Amino acid sequence: MHCHQGLVSFLSCGLVLAGVWHLVYHRKSQSSYGRYMTCPPARTVPARLAWFLQEMPAFIIPLLLMLTTHKSTIMGKYLLLATFCVHYFQRTFVYSLLMKGKPFPLSVMVTAGLFCSLNGFLQGHYLLHCAQFDDEWFTGYCFKIGLLLFYIGMAINIHSDFILRNLRKPKEVIYKIPTGGLFEYVSGANYLGEIVEWFGYAVATWSFPALSFALFTLCFIGPRAYYHHRFYLEKFKDYPKFRKALVPFIF
Ligand SMILES: NC(=O)c1ccc[n+]([C@@H]2O[C@H](COP(=O)([O-])OP(=O)(O)OC[C@H]3O[C@@H](n4cnc5c(N)ncnc54)[C@H](OP(=O)(O)O)[C@@H]3O)[C@@H](O)[C@H]2O)c1
């Protein structure tokens, strides 16, 4: 397949605009899943199934693109796209199947699935068919530091999601104060990990599509971390005063 540069630019700008739109539209309330579901939605899907179905396209689509594209001489491109797929493999086949959250609104699941499909295509198509790297890129500092950041972020994200998952006893639906790991410093430790991941990926690929996804992630889950923090402060009188919302010691 040849590079559809116009489509890549369109989708990348769309991600940035969607992030900004989300920031503005949701400045007073957050996307209505989890603790922000005020009234029960008309149609819901069990949380495990919803996360599995909505995240899977971001794993399958780049994988299919990789399998149907003639092998490039630049293996680094495959390494970068495989890095993207590692995240979504974890999200689809590990996180989704272990999670114990509330039933998910069908509308949120469909929107998230559409988003994952478009983003999976954008990142895969750009890397395999449009990106130009010279061989030195894959031995340079940006590539190595970016990948390091990605995997540090991913470790923080997985560890923090693990802590959250284990807060509740079977059949419990209440919220508790998370402790341990980066939760000692911020209320949105899982979100901080995910944001570090995608900015690391943007550095490693040095590309507009990856940067636009990192910016979207920041706009989507950055405010969510702030709202979670406010929720904890209001709900728990003994919530640790030292803890910030998203950035340790700062915010
Ligand atoms: N890249 C992106 O743009 C993007 C967007 C959204 C999410 N994500 C990632 O997807 C993952 C999940 O996101 P999320 O918004 O669902 O995270 P979340 O609100 O922190 O919830 C994660 C899970 O933990 C449970 N939980 C959270 N806080 C709890 C507490 N204090 N006590 C007991 N249980 C608690 C939730 O239950 P309930 O469902 O009952 O609240 C849910 O099952 C995160 O790793 C996030 O980084 C990424």
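Only a predicted model underlies this, so the values are computations on that prediction, with no experimental measurement involved. (Residues numbered from 1 in each chain as written. Predicted model: local features only at pLDDT ≥ 70, side-chain atom pairs only at ≥ 80, totals over all residues.)

A word on the overall build of the protein chain
When helices and strands are counted, the protein chain shows 7 helices and 2 strands. Along its sequence from the N terminus, the protein chain presents helices and strands in the succession α-β-α-α-β-α-α-α-α. When the backbone C-alpha atoms are referred to their principal axes, the protein chain occupies close to 60 × 40 × 35 Å. Across the 251 residues in the protein chain, those meeting the buried criterion constitute 37%. (Helix = DSSP H or I, 4+ residues; strand = E, 2+ residues; numbered from the N terminus. Buried ≥ 20, exposed ≤ 12 C-beta atoms within 10 Å, placed from the backbone.)

Points about the packing of helix α3 (residues 75-98) against helix α5 (residues 141-165)
The contact between α3 and α5 brings their axes to 12 Å, and the two run at 5°. As far as their axial angle goes, α5 and α3 are roughly parallel. Taking contact as the criterion, the partners of Thr83, His87, Gln90, Tyr95 and Leu98 in α3 are, on α5, Leu147, Phe150, Met154, Ile158, Asp161 and Arg165. Grouping the amino acids of the contact of α3 with α5 by side-chain chemistry returns 6 nonpolar, 3 polar and 2 charged. (Axes fitted to C-alpha atoms, helices over the stretch in contact; angles between N-to-C directions. Parallel < 35°, antiparallel > 145°, perpendicular 65-115°, else oblique. Contact = placed C-beta atoms within 7 Å. Nonpolar A, V, L, I, M, F, W, Y, C, P; charged D, E, K, R; others polar.)

Description of the environment of Phe104
Looking at the element boundaries, Phe104 is found in strand β2 (residues 104-105). Along the backbone, Phe104 and Val16 are 88 residues apart, and their C-alpha atoms lie at a distance of 25 Å. With residues near it in sequence (within four places) discarded, Phe104 still touches Tyr33, Thr44, Val45, Ala47, Ala50 and Met109.

Description of the packing of α3 against helix α4 (residues 106-130)
α4 packs onto α3 with a crossing angle of 170° between their chain directions and a minimal axis gap of 9 Å. In terms of their interaxial angle, α3 and α4 are classed as roughly antiparallel. Residues Lys77, Leu80, Leu81 and Phe84 of α3 pack against Gln123, Gly124, Leu127 and Leu128 of α4. Within the contact of α3 with α4, the residues separate by chemical class into 5 nonpolar, 2 polar and 1 charged.

A short note on the UniProt feature "domain: 3-oxo-5-alpha-steroid 4-dehydrogenase C-terminal" (unreviewed entry) in the protein chain
Per the UniProt record, the feature "domain: 3-oxo-5-alpha-steroid 4-dehydrogenase C-terminal" (unreviewed entry) sits at residues 103-251. In the segment residues 103-251, helix accounts for 64% and strand for 1%; the C-alpha atoms at its two ends are 31 Å apart. (UniProt positions renumbered as here; feature names shortened; annotations may be inferred.)

Observations regarding the site of the ligand
Around the ligand, a shell composed of 21 residues is seen, among which Gly34, Gly101, Leu164, Leu167 and Glu194 lie nearest. Among the secondary structure elements, those contributing two or more residues to the shell around the ligand are α5, α6 (189-205) and α7 (208-235). Of the residues forming the shell around the ligand, the biggest block, 4 residues, is contributed by α7. Of the residues belonging to the shell around the ligand, the class tally is 8 nonpolar, 5 polar and 8 charged. Mapping the shell around the ligand onto the domain boundaries places at least three of its residues in each of domain 1 (32-133) and domain 2 (140-251). (Near = placed C-beta within 6 Å. Domains from an automatic or database assignment.)

Section: the UniProt feature "transmembrane region" (unreviewed entry) in the protein chain
Summarizing the sequence annotation, UniProt attributes the feature "transmembrane region" (unreviewed entry) to residues 7-25, 45-66, 78-98, 104-128, 140-160 and 198-221 in the numbering used throughout. The span residues 7-25 is 100% helical and 0% strand by assignment, and the distance between its end C-alpha atoms comes to 26 Å.

Here we look at the environment of Leu215
Mapped onto the elements, Leu215 comes out in helix α7. Apart from the residues lying within four places of it in its own chain, the contact partners of Leu215 are Val16 and Gly19.

A closer look at unusual backbone geometry
Within the chain, Lys171 stands out as a residue other than glycine whose phi angle is a positive 75°. Here Lys171 lies in the loop between α5 and α6. Judged by the 6 C-beta atoms lying within 10 Å of it, Lys171 falls in the exposed class. Backbone geometry at Phe249 places phi at a positive 70°, although glycine is not the residue there. Structurally, Phe249 is set in the segment after α7.

A short note on the domain arrangement of the protein chain
When its domains are assigned, the protein chain resolves into domain 1 (32-133) and domain 2 (140-251). If you average the C-alpha positions of domain 1 and of domain 2, the two centres end up 18 Å apart. Elements that contribute at least two residues to the side of domain 1 that touches domain 2 include exactly α3 and α4. In terms of residue count, α3 provides more of the side of domain 1 that touches domain 2 than any other element does, 7 residues in total. Split by residue class, the side of domain 1 that touches domain 2 holds 9 nonpolar, 5 polar and 3 charged.

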